[in-house]
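# Residue-level structural notes
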Amino acid sequence: MDATDEVIDICRDLLRIDTTNTGDLDTSAGERVAAEYVAEKLAEVGLQPEIVESEPGRASVLARFEGADPSRDALLIHGHLDVVPADASEWSVHPFAGELKDGYLWGRGAVDMKDFDAMVLALVRQMKREGRKPPRDVVLAFVADEEAGSTYGAQHLVEHHREHFDGVTEAIGEVGGFSVSVGGDQRLYLIETAQKGIDWLRLHAKGRPGHGSMINDDNAVTALAEAVARVGRHRFPVVLTPTVRAFLEQVSQVLGIELDVDDPEVAVSKIGPIAMIIGATLRNTANPTRLAAGYKDNVIPGRASATIDCRTLPGQSELFEEELRRIVGPDIELEYIHRQPALETTFDGDLVAAMSAALRAEDPGAVPVPYMLSGGTDAKQFARLGIRCFGFSPVRLPADLNFGALFHGIDERIPVEGLQFGVRVLDRFLQQS
Ligand SMILES: [Zn+2]
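As the structure is a computational prediction, the values presented were derived from the model and not from experiment.

### Description of the nonpolar core
Counting 94 residues, the largest nonpolar core has Leu42, Phe178, Leu190 and Phe429 as its most contacted members. No other element matches the nine residues that helix 3 (residues 114-129) contributes to this core. Not counting residues up to four positions away in its chain, the partners in contact with Leu42 are Leu47, Pro49, Val61, Ala63, Leu121, Val124, Leu140 and Phe142. In terms of nonpolar packing, the next biggest core, distinct from the first, is built from 20 residues, Ala205, Val231, Ala286 and Leu324 among them.

Below is the structure:
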């Protein structure tokens, strides 16, 4: 079977394995089933996959596909097998039925990211059947737990199984390589070369506890609420990193508009729904997400806390912290509860050339552009090994599909033609990599 046919079957099979990751260890049974499925697909064609468990059931699969020149540095291709939860009552199809309808495969994980897992599996199987080797070693990693912070997946592999990544210098993984239609017959293909950093912070306010009926001018809840509102309303200044600047320059050129670097939001507003992601990469952001205070309606508590989900641009985390401290004021204590650095690499070199050429060969209207993801992926973990990470999971999308909204969204689905396009692009890419 040709890879462009088999990719549909494999994607469908994967969608039917419920790999919901709630973050609770007791509820992640599906990851092991998916890992065994993947391992079997790899072993069938003669690869030697290894299933690695960080905790019972938290399974990842590793395999090395030997290249024509094993002395060269290796390429890592990584995808996660877990998905975020889906509430079937909100969907128009069952989220774990793997339905094929209206030219789409529907299901939780269809774009995040069983589509890419299936593309890689189908392509590797075809290459093995045909006796084709990649030019250099390719390390394949299908991992657990991306959706709850990577602890039991990529982080575990990087910390305890790093020998599998010997010689790996570059990687491709999720959230990049998808098309964005900008009118005419040109399509931007957003290749991820950067990610914002993740700083989850807790704000703590202290005050004088007491009875809710009495005068209290030192109320922790009031102090916290004021600080949270200031943070939530604050607009951090625009800082264009090389990735975002290159993106905006290219987009402006394609759109035929003048880029105003002092007001880049004009250019961003012209790119459709994807502006929700791109707009967030123009500046640091801080969104309040949780509040915690009190234990009784008529008791003023002595403490109150809030969580702020902060996303920082490369090189900005210290400046950001200074600014945040100014905003919340001296009486609020800041505590980091989760911290992962931003990533940024350049949009150049042989690998970028291979991605761009593969896209152009399959879509003559392709304009490959670098972009920064406002969120984070397993690339944060693999980058700790000194690996240069790209988001490149190529898919050509219909102009009217709001792709960004499908990530963790209702009625997540992937166009079958897009999947097949992705296999062909990956095939060309791998040959040149
Ligand atoms: Zn993902």
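Picking up where we left off.
### Quick look at the packing of helix 5 (residues 220-233) against helix 9 (residues 317-328)
Packing of helix 5 against helix 9 leaves a shortest axis separation of 9 Å and a crossing angle of 135°. As judged from the angle between their axes, helix 5 and helix 9 are oblique. For the pair helix 5 and helix 9, the sense of crossing is right-handed. Within the contact between the two elements, helix 5 uses Ala227, Arg230 and Val231 and helix 9 uses Leu324, Ile327 and Val328. Considering only residue class, the contact of helix 5 with helix 9 consists of five nonpolar, no polar and one charged.

### A word on the UniProt feature "domain: Peptidase M20 dimerisation" (unreviewed entry) in the protein
Under the present numbering, the feature "domain: Peptidase M20 dimerisation" (unreviewed entry) in UniProt falls on residues 193-317. In this annotation, residues 193-317 is assigned 30% helix and 29% strand; the end-to-end C-alpha distance for the span is 18 Å.

### Quick look at the packing of aromatic side chains
Applying the stated criterion across every chain, the model contains eight aromatic pairs. In this structure, Arg339 is placed above the aromatic ring of Tyr336, and the distance from its NZ or CZ to the ring centre is 3.8 Å. Against the face of Tyr104 rests Arg413, its NZ or CZ located 5.3 Å from the ring centre.

### A look at the sheet that holds strand 15 (residues 333-340)
Ordered in space as 12-14-10-15, the four strands form an open sheet in which the pairing is antiparallel. In the strand order of this sheet, the two ends are held by strand 12 (285-293) and strand 15, each with one partner. On average, each strand axis in the sheet is inclined to that of its neighbour by 20°, with strand direction left out of account. Direction of pairing for strand 10 (residues 197-206) relative to strand 14 (residues 303-312): antiparallel, over a ladder of ten bridges. Paired with Leu201 across the two strands is Ile308, which belongs to strand 14. In this fold helix 5 packs onto strand 10, strand 12 and strand 14, with an angle of close to 15° to the strand it touches most, strand 14. On the sheet, helix 9 packs against strand 10, strand 12, strand 14 and strand 15 and is oriented at approximately 150° with respect to strand 15.

Calculation criteria
- Residues numbered from 1 in each chain as written.
- Predicted model: local features only at pLDDT ≥ 70, side-chain atom pairs only at ≥ 80, totals over all residues.
- Heavy atoms only, no water.
- Core = buried A, V, L, I, M, F, W, Y, C linked by side-chain atoms within 4.5 Å.
- Buried < 20%, exposed > 50% of the residue type's maximum accessible area, 1.4 Å probe, protein only.
- Helix = DSSP H or I, 4+ residues; strand = E, 2+ residues; numbered from the N terminus.
- Contact = heavy atoms within 4.5 Å.
- Axes fitted to C-alpha atoms, helices over the stretch in contact; angles between N-to-C directions.
- Parallel < 35°, antiparallel > 145°, perpendicular 65-115°, else oblique.
- Left-handed = near helix turned anticlockwise from the far one by under 90°.
- Nonpolar A, V, L, I, M, F, W, Y, C, P; charged D, E, K, R; others polar.
- UniProt positions renumbered as here; feature names shortened; annotations may be inferred.
- Phe/Tyr/Trp six-rings, centres within 6.5 Å; stacked < 30°, edge-to-face > 60°.
- Lys NZ or Arg CZ within 6 Å of the ring centre and 35° of its normal.
- Pairing = 2+ DSSP bridges.

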